Amino acid sequence: MSRAELFISTTDLAELLRVLGNEGQLYITTRPVASEPPDLHYRPYSTQSTPEFAYGDIRPVEPLKSFLLEVRERLLEYPGTEPAAEKPPAKQIIVGLKQCDIESLKTYDSVFTQGEFKDDSYVAKRQATTLISGDCPKPADFCFCTMLGGRPYCTEGFDLNMSQVEGGYVIEVGSDKGEKIVSASKSLFKPASAGQLDERSASRKKATDALNIINKEYELKKTRQQILAAKEPSAAWPEQLGYCVEDGACLFACPTCYCFLLYDQQGKLKGKYERARSWDVCMYAGYSRMAGGGTPRPRLVDRFRHRFMHKFSYFHDNYKLESCSGCGRCFVGCGANIDVRKVFKALDE
Amino acid sequence: MVNQYCPIDAELEEVIEETPTIKTFVLRPKTPVVFRAGQFVQITVPGLGEAPFTPSSSPNVTDKLEVTVLRAGKLTEVMHEMKPGVTMGVRGPFGKGYPMDKLYGKEVLVVGGGVGLAPLRSLILAMMDEIGKFKKLSIKYGAKSPAELVYQNAFENWAKKKGVDMALTVDMASPGWSGKVGVVTVLLDGLGVDIPNAYAVSCGPEIMLKFVTLRLLELGFKPEHIYLSMNRKMSCGMGKCGRCNVGHLYLCKDGPDVCYAEVQHVPDLFG
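Residues numbered from 1 in each chain as written. Chains lettered and ligands numbered in written order. Predicted model: local features only at pLDDT ≥ 70, side-chain atom pairs only at ≥ 80, totals over all residues. Heavy atoms only, no water.

Undergrad: For this particular structure, what's the right way to read the overall build of chain B?
TA: When you go through chain B residue by residue, the secondary structure sums to seven helices and 15 strands. Rg of the C-alpha trace for chain B: 18 Å, near the compact-globule value of 18 Å for 271 residues, within the 12% margin. Taken along its principal axes, the extent of the C-alpha atoms in chain B is 50 × 45 × 35 Å. When burial is assessed residue by residue, chain B has 58% of its 271 residues classed as buried. Residue pairs at least 24 apart in sequence account for 68% of intrachain contacts in chain B once pairs closer than 6 positions are excluded. Carbon and sulfur atoms make up 53% of the accessible area of chain B, which amounts to about 10500 Å² in all. Averaged over its 30 positive side-chain charges, chain B has a centre that lies 3 Å from the centre of its 28 negative ones. (Helix = DSSP H or I, 4+ residues; strand = E, 2+ residues; numbered from the N terminus. Rg over C-alpha atoms; globule rule 2.2 N^0.38 Å. Buried < 20%, exposed > 50% of the residue type's maximum accessible area, 1.4 Å probe, protein only. Contact = heavy atoms within 4.5 Å. Areas by Shrake-Rupley, 256 points an atom, 1.4 Å probe, with all protein chains shown as cover. Lys, Arg positive; Asp, Glu negative; His and termini not counted. Charge placed at Lys NZ, Arg CZ, Asp CG, Glu CD.)

Set out below in structure tokens:
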């Protein structure tokens, strides 16, 4: 169902951010002055600190998962549970994320909110989070959302979406949460004009065309699932692994990677212990290692292949969804310049 | 809201020394942990963490559960030093367990290696409680040496039971051993099992599972009739943390006992 399309001026947006800053913990994308290239980073916004919002050409550096599955999360204390651990998470509002991050939530929601076991901690954080996204006017050469069925702008999954136009932003309302934000600050919005909507359409088309040109050379003959279904591992696997140093940057930066390590540690009080979880990387040698040292994937190339199998084959089997949103963070973060698109291209040969 | 990661306190009632490297731990959880044969639980050693074990006791006993543990790593080292009276933790059960419905009315071939007989004992005990519902139960069990055979005291009773056929082998004999010598697949020659009407269930080291599976296929078992207990590094128990997957299956949620037909194409099936 299409909802209202509005316009907010750049100055009124600054006012809206001040309002949102009182609603919960607000994070906005900013462009640190010294940063080269001009990457976007999230910064907390509060009455004490009001960093300048940067709309940005593409997604920020940090994946959206950082707000929903903490890098390290304390799950409980035992023996006996501590009531404090059960308190609901604080409300958070995230402004400036892009389509590849909204898309990544499909993976997270599939894993943590569906099926027999729901993840209470994730579900609560997800409900407490408001998502205000933006279009990507100038995709980078590592962006490939369109190869995964995405677009350089959001069509669903957001609460509010912003598209930069002359003098401000076209705002699309995507949910009841978004509707509430608009109703609470009615005076800041006015209906978007036909000219503003045309400007948005033109910008979106330009970005989509740019992505098609960028990714032309990576087009595949077969589907990724067909490519990975090959019985014998391709010689391209070790070739594509190249100079991988197993640093895990690709998977920490990945907005769809969700696997975690569950572990126990000493609690604050004697005789009490904590159970916690942290992000983990399936390319690490110890990832699936069992007592006694055995592991199903002893070689790095086995784990490299597994990473692709999990994201594009096994996950697809289970959820009819590829666990990749084409954000390019894995390539940008990679010390060995491993590019998902090139890996598939080589396997498709 | 119950925290899914919270263990239930369980008192360690008894520790039974099975072999020089394997002990059975009898636990009494504060609230009963009711499981089906083949389902597993996460055992907490307070402060150290969790490790997955499939109970080796009968699923029909609900106030206690037993896990049989090989001393193999950090956590099991500590477990082996534990004395009755201490409090441990149990979380679970998880997984699907053995496909009992499919086994009714069939001949069931159980092939175990080393401590791999532990999960199978739960199945064997469950089957023995209603042995009339199965055509036959053949137990083939092998270990490294006679001293490493677990549950030795039970073997005589099992073998005497009507409808049960039992055979043992060891990789290396020691003085006094008059039985078979060789890896467990030697027990699959001259099986005396009605293969088209039989299911095979196997548990042991993955290298053993590989050769048992190949031999079973050679003998004419259909992939659909072979079940493997792939007890790998299950952790969260809910198909989320992503450490135990075999192909698209999560052993913790979809296993740990998997039908060979479903996983035969997985590249790293046997490690």
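Structure's up, so let's keep going.
Undergrad: Where do I start with the nonpolar core in this structure?
TA: Nonpolar side chains in soluble globular proteins generally cluster together in the buried interior. Within the largest apolar cluster, 96 residues are counted, with the highest numbers of intra-cluster contacts made by Phe308 of chain A together with Phe221 of chain B. Ranked by residues supplied to this core, first place goes to helix H9 (residues 300-319) of chain A with eight residues. Beyond its immediate stretch of four places on either side in the chain, phenylalanine 221 of chain B contacts Leu109, Leu191, Val193, Ile195, Ala198, Tyr199, Ala200, Leu216 and Ile226 of chain B. Leu123, Leu137, Tyr151 and Val170 of chain B belong to the second-largest nonpolar core, a separate cluster that totals 34 residues. (Core = buried A, V, L, I, M, F, W, Y, C linked by side-chain atoms within 4.5 Å.)

Undergrad: I tried to follow the sheet that holds strand E8 (residues 168-173) of chain A on my own but got confused; where do I start?
TA: Strand pairing in a sheet is mediated by backbone hydrogen bonds. Such pairs are either parallel or antiparallel. Residue and element names in this part refer to chain A. Strand order in the open sheet made by the eight strands is E3-E2-E5-E6-E7-E8-E1-E9, with mixed pairing throughout. Since the sheet does not close on itself, it has two edges, and those belong to strand E3 (41-45) and strand E9 (190-191), each with one partner. The sheet contact formed by strand E1 (residues 5-9) and E8 spans five bridges and is antiparallel. Bridged to phenylalanine 7 within E8 is valine 170. Of the strands in this sheet, E1, strand E2 (25-30), E3, strand E5 (92-97), strand E6 (129-134), strand E7 (160-165) and E8 are in contact with helix H1 (residues 10-21), which crosses E1 at around 95°. (Pairing = 2+ DSSP bridges. Axes fitted to C-alpha atoms, helices over the stretch in contact; angles between N-to-C directions.)

Undergrad: It is not clear to me how the pairing of strand E9 (residues 164-170) of chain B should be interpreted in this structure. Could you clarify?
TA: Successive side chains on a regular strand alternate, one facing one side of the sheet and the next facing the other. All names here are of chain B. Within E9, five of the seven residues are buried, which leaves the element mostly enclosed by the surrounding structure. Inspection of the sheet shows strand E8 (residues 136-143) paired to E9 by seven bridges, in the parallel sense. Bridging from a neighbouring strand, alanine 143 pairs with valine 170 of E9. With helix H4 (residues 152-160) bridging E8 and the parallel E9, this β-α-β connection has right-handed handedness. As defined by bridge partners, E9 adjoins strand E10 (residues 180-181) across two bridges and the pair is classed as parallel. Bridge pairing in E10 links threonine 169 to lysine 180. (Right-handed = clockwise from strand over helix to strand, strands pointing away.)

Undergrad: Quick question: what am I supposed to make of the packing of helix H2 (residues 99-113) of chain A against helix H3 (residues 120-127) of chain A here?
TA: Helix packing geometry: the angle between the two helix axes and the distance between the axes. Residues and elements named next belong to chain A. With their axes 9 Å apart at the nearest point, H2 and H3 run at an angle of 135° to one another. On the basis of their axis angle, the class for H2 and H3 is oblique. Considering only the axes of H2 and H3, their crossing is left-handed. Between H2, through Leu105, Tyr108, Asp109, Phe112 and Thr113, and H3, the contact on the second element is made entirely by Tyr122, Val123 and Arg126. Its residues assigned to classes, the contact of H2 with H3 comprises five nonpolar, one polar and two charged. (Parallel < 35°, antiparallel > 145°, perpendicular 65-115°, else oblique. Left-handed = near helix turned anticlockwise from the far one by under 90°. Nonpolar A, V, L, I, M, F, W, Y, C, P; charged D, E, K, R; others polar.)

Undergrad: Would you take a moment to explain the interface of chain A and chain B for this structure?
TA: For an interface, size is often stated in terms of accessible area lost upon the parts coming together. Each partner contributes to the interface: chain A provides 41 residues, whereas chain B provides 40 residues. Buried area between chain A and chain B, both sides added, is near 3400 Å², and the carbon and sulfur share of it is 54%. Across the chain A-chain B interface, the total number found is two salt bridges. Linking arginine 243 of chain B and aspartate 280 of chain A is a salt bridge whose minimum nitrogen-to-oxygen distance equals 2.6 Å. Here chain A is connected to chain B by 19 residue pairs in polar contact (both at pLDDT 80 or more). At the level of elements, strand E4 (72-78), H2, strand E10 (260-266), strand E11 (273-279) and H9 of chain A are the ones that each hand at least two residues to the side of chain A that touches chain B. In the side of chain A that touches chain B, the residues fall into 19 nonpolar, nine polar and 13 charged. (Buried area = accessible area lost by both parts, 1.4 Å probe. Salt bridge = Lys/Arg side-chain N within 4 Å of Asp/Glu carboxyl O. Polar contact = N/O pair within 3.5 Å; in protein donor to acceptor, adjacent residues only side chain to side chain.)

Undergrad: Explanation requested: a nonpolar patch on the surface in the structure shown.
TA: Judged by side-chain polarity, Ile207, Phe211 and Leu214 of chain B come together as a nonpolar surface patch covering roughly 300 Å² of accessible area. With respect to the helices and strands, the residue leucine 214 of chain B is situated in helix H5 (residues 206-219). (Patch = residues over 30% accessible without salt bridge, like charges linked within 9 Å, V, L, I, M, F, W, Y side chains within 5 Å.)

Undergrad: Hey, could you run me through the pattern of salt bridges in this one?
TA: Side chains that differ in charge, positive against negative, can pair when their charged atoms come close. Residue and element names in this part refer to chain A. Summed over the entire model, instances satisfying the criterion amount to 39 salt bridges over all chains. Across the salt bridge formed by glutamate 103 and lysine 106, the nearest N and O atoms sit 3.2 Å from each other. In this pair, glutamate 103 and lysine 106 are both assigned in helix H2, three residues apart and thus about one turn of the helix distant. With relative accessibility at 34%, the residue lysine 106 sits in the partly exposed group. Residue aspartate 119 is joined to arginine 277 by a salt bridge in which the shortest nitrogen-to-oxygen separation is 2.9 Å.

Undergrad: Looking at this structure, how should I read the packing of aromatic side chains?
TA: To describe a pair of aromatic rings, you give the distance between the ring centres and the angle between the ring planes. Going through the model one piece at a time under the given rule, you end up with 27 aromatic pairs over all chains. With 5.9 Å between their ring centres and 40° between their planes, tyrosine 108 of chain A and tyrosine 122 of chain A make a pair best called tilted. Taken as a pair, tyrosine 108 of chain A in helix H2 and tyrosine 122 of chain A in helix H3 lie far apart in primary sequence, 14 residues in all. Assigned by exposure class, tyrosine 108 of chain A and tyrosine 122 of chain A land together as buried. Ring centres of phenylalanine 308 of chain A and phenylalanine 344 of chain A lie 5.6 Å apart, and the angle between their planes is 70°; this geometry places the pair in the edge-to-face category. With phenylalanine 308 of chain A in helix H9 and phenylalanine 344 of chain A in helix H11 (residues 340-348), this pair connects stretches of sequence that are 36 residues apart. Of the two residues examined, phenylalanine 308 of chain A and phenylalanine 344 of chain A, each falls in the buried class. The rings of Tyr108, Phe112, Tyr122, Tyr258, Phe315 and Tyr319 of chain A are connected pair by pair, giving a single aromatic cluster. Cation over ring: lysine 65 of chain A sits above tryptophan 279 of chain A, and NZ or CZ is 4.4 Å from the ring centre. The ring of tyrosine 287 of chain A is capped by arginine 243 of chain B, whose NZ or CZ atom sits 4.2 Å from the centre of that ring. (Phe/Tyr/Trp six-rings, centres within 6.5 Å; stacked < 30°, edge-to-face > 60°. Lys NZ or Arg CZ within 6 Å of the ring centre and 35° of its normal.)

Undergrad: Sorry, what's going on with the side chain of aspartate 135 of chain A here?
TA: For aspartate 135 of chain A, the position within the fold is in the loop between E6 and E7. Those residues in contact with aspartate 135 of chain A, other than ones at most four positions away along the chain, are Tyr55, Gly56, Lys98, Pro152, Tyr153, Cys154, Asn161, Met162, Ser163, Arg200 and Arg204 of chain A.

Undergrad: Before we go on, may I ask you to explain the sheet that holds E11 of chain A in this structure?
TA: Residue and element names in this part refer to chain A. The strand order across the open sheet formed by three strands is E4-E11-E10, and the pairing between neighbours is antiparallel. Two strands in the sheet have a free side with no partner beyond their single neighbour: E4 and E10. In this sheet, adjacent strand axes meet at a mean angle of 25° when their direction is disregarded. Looking at chain direction, E10 and E11 are connected through seven bridges and run antiparallel.

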